[in-house]
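Listed below, chain by chain, are the residues.
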Amino acid sequence: PAQGGLKPFMALGLNFVSGFSVLFGVCIMLSAEPGNFSTGMMLAYGAGVYLEIACTDCMSRVHEFATTIPLRLAAFLLFCIGAVAIGLVLLDHEHCSAGGGHDGHNHP
């Protein structure tokens, strides 16, 4: 499909620049040694980006192809199952507990 109307070479180049900017951001975050609040805010921002992509890009395609109510409900149910699955993984995730145990993590 002609999403964005870009030629393949230009699309690949822009995708590379976008991906490299992520690596650049990771290097900055790792060198800055952010606190828990800053790390949480960055993770929340990243989650918001994923949610925005899911709601605007993916769900608009679902809306286009799922023309009946049962298909739309099924698509919404699958979206909810995916969101809950990701949430359950994150719900019980503890990096370094308040007790100070690092459990094999190689950082102070």
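Residues numbered from 1 in each chain as written. Predicted model: local features only at pLDDT ≥ 70, side-chain atom pairs only at ≥ 80, totals over all residues. Heavy atoms only, no water.

Asker: Is there a simple way to explain the pattern of salt bridges in this structure?
Answerer: In a structure, side chains of opposite charge can pair up when their charged atoms sit close to one another. Under the definition given, this model contains one salt bridge. Between aspartate 57 and arginine 61 there is a salt bridge, with its nearest N and O atoms 3.9 Å apart. Placement of both aspartate 57 and arginine 61 in helix H2 (residues 36–65) is noted, with a separation of four residues, approximately one turn of the helix. We classify arginine 61 as partly exposed; its relative accessible area is 36%. (Salt bridge = Lys/Arg side-chain N within 4 Å of Asp/Glu carboxyl O. Helix = DSSP H or I, 4+ residues; strand = E, 2+ residues; numbered from the N terminus. Buried < 20%, exposed > 50% of the residue type's maximum accessible area, 1.4 Å probe, protein only.)

Asker: Would you explain a nonpolar patch on the surface in this entry?
Answerer: On the surface, Phe16, Val17, Phe20, Leu23, Phe24 and Ile28 cluster together into a nonpolar patch covering about 670 Å² of accessible area. Relative to the elements of secondary structure, isoleucine 28 occurs in helix H1 (residues 8–32). (Patch = residues over 30% accessible without salt bridge, like charges linked within 9 Å, V, L, I, M, F, W, Y side chains within 5 Å. Areas by Shrake-Rupley, 256 points an atom, 1.4 Å probe, with all protein chains shown as cover.)

Asker: Teacher, can you tell me more about H2 here?
Answerer: A turn of α-helix holds 3.6 residues, and therefore any two residues three or four places apart point the same way. For H2, which comprises 30 residues, the first-to-last C-alpha distance of 42 Å matches the rise-based estimate of 44 Å (1.5 Å per residue) to within 8%. When the local axis directions of H2 are compared, the greatest deviation, roughly 35°, occurs at methionine 59. (Expected span 1.5 Å × (residues − 1). Bend = angle between axes of the 7 residues up to and from the residue.)

Asker: Would you take a moment to explain the confidence of the model for the protein chain for this structure?
Answerer: Predicted confidence across the protein chain gives a mean pLDDT of 81, with 81% of residues reaching 70 or more. Mean pLDDT per element in the protein chain: H2 is the minimum at 84, and H1 is the maximum at 89. (pLDDT = per-residue confidence, 0-100.)

Asker: In this structure, what is going on with unusual backbone geometry? I would like to understand it.
Answerer: A negative phi angle is the norm for most residues apart from glycine, just as the trans form is the norm for most peptide bonds. Of note in this structure, glutamate 33 is not a glycine but carries a positive phi near 50°. Tracing the backbone shows glutamate 33 in the loop between H1 and H2. Residue classification places glutamate 33 among the exposed residues on the basis of a relative accessible area of 67%.

Asker: I tried to follow H1 on my own but got confused; where do I start?
Answerer: With 25 residues, H1 extends 36 Å between its outermost C-alpha atoms, agreeing within 8% with the 36 Å of an ideal straight helix rising 1.5 Å per residue. The element H1 is largely exposed, with a buried count of zero among its 25 residues. Once H1 ends, the next one or two residues include glutamate 33, with phi positive near 50°.

Asker: Explain the packing of aromatic side chains here, please?
Answerer: For any two aromatic rings, the description comes down to two numbers: the centre-to-centre distance and the angle of the planes. Under the definition given, this model contains one aromatic pair. Plain terms: the ring middles of phenylalanine 16 and phenylalanine 20 are 6.2 Å apart, the flat faces sit at 20° to each other, and that makes the pair stacked. Taken together, the residues span about one helical turn, with phenylalanine 16 and phenylalanine 20 both in helix H1 at a distance of four residues. Under the relative-accessibility criterion, phenylalanine 16 is labelled exposed at 60%. (Phe/Tyr/Trp six-rings, centres within 6.5 Å; stacked < 30°, edge-to-face > 60°.)

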